[in-house]
Amino acid sequence: MAEEPCQCSDCQRFYREHDRLIREFPTFKQQQELNWASIQSFRTLCSKVTDDLQRQLSERESTEDNILDEKHMSEAEINEALGELENVNAYLYSIEALMERIFDTKVSNNIELKFKEIAKELAPDPLNMDRLILNRLFHQSSDFPDKKKFN
Ligand SMILES: [Zn+2]
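As the structure is a computational prediction, the values presented were derived from the model and not from experiment.

**Looking at the overall build of the protein**
Thinking step 1. Looking only at helices and strands, the protein has 5 helices and 0 strands in total.
Thinking step 2. The secondary structure elements of the protein, listed N-terminal to C-terminal, are α-α-α-α-α.
Thinking step 3. Long-range contacts, defined here as pairs at least 24 residues apart, represent 75% of the contacts in the protein between residues at least 6 apart.
Thinking step 4. With the model as given, the accessible surface of the protein reaches about 11400 Å², and the carbon-plus-sulfur share is 58%.

The following block contains the structure:
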């Protein structure tokens, strides 16, 4: 039975992005590098923001009278964000460890050609089944904000 893919703007954006990543990075090696860079950049940004928030918190503690800060964030807001970001950083660290394993894998030139061939078939197809399954996962996580809390 054929299922109609969701056409909301989030899903459409996901379809376009998914296809673009296959079209522009059609080999096993390119996908390895892309995903490694993507996890690293996410981790770098998260930990820099965490450092900065911690600095802001400790500066407040040292100047108790001055509760106004540059962006008018409350202490509760900063503490909540720090808790969430600490979790995210821990998950990213775990993903990175798994990515290292994936990064160790190498495939032959013939297999790379197969990747390119399949990528060409996949990317232009707007109703690809693998993508629909992926997108369902994506959609679930964005539909239910409660699932974002892991602890
Ligand atoms: Zn949707």
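**Remarks on helix H1 (residues 9-24)**
One turn of an α-helix holds 3.6 residues; hence residues three or four places apart share an orientation.
Thinking step 1. Taking 1.5 Å as the rise per residue, H1 with 16 residues should run 22 Å; its terminal C-alpha atoms sit 22 Å apart, in good agreement.
Thinking step 2. Residues Cys11, Phe14, Tyr15, His18, Asp19 and Ile22 constitute the buried set of H1. In a view along the axis of H1, the buried residues occupy a sector of 125°, so they form one face of it. Summarising the geometry of H1, the exposed residues directed more than 90 degrees from the buried face are Ser9, Arg16 and Arg23.

**Remarks on the pattern of salt bridges**
Thinking step 1. Applying the stated criterion across every chain, the model contains 8 salt bridges.
Thinking step 2. One network of salt bridges, with partners in common, ties together Glu17, Arg20 and Glu24.

**With respect to the confidence of the model for the protein**
Thinking step 1. Scored by pLDDT, the protein has a mean of 83; 75% of the residues are at 70 or more.
Thinking step 2. Every residue in residues 143-151 scores below 50 in pLDDT, and together they form 5 contacts with partners more than four places removed in sequence or on other chains.

**Concerning the environment of Thr44**
Thinking step 1. Considering the arrangement of structural elements, one finds Thr44 in helix H2 (residues 28-62).
Thinking step 2. Here the alpha-carbon distance between Thr44 and Asn89, two residues 45 residues apart in the chain, equals 9.4 Å.

How each quantity is defined
- Residues numbered from 1 in each chain as written.
- Predicted model: local features only at pLDDT ≥ 70, side-chain atom pairs only at ≥ 80, totals over all residues.
- Heavy atoms only, no water.
- Helix = DSSP H or I, 4+ residues; strand = E, 2+ residues; numbered from the N terminus.
- Contact = heavy atoms within 4.5 Å.
- Areas by Shrake-Rupley, 256 points an atom, 1.4 Å probe, with all protein chains shown as cover.
- Expected span 1.5 Å × (residues − 1).
- Buried < 20%, exposed > 50% of the residue type's maximum accessible area, 1.4 Å probe, protein only.
- Arc of directions from axis to C-beta.
- Salt bridge = Lys/Arg side-chain N within 4 Å of Asp/Glu carboxyl O.
- pLDDT = per-residue confidence, 0-100.

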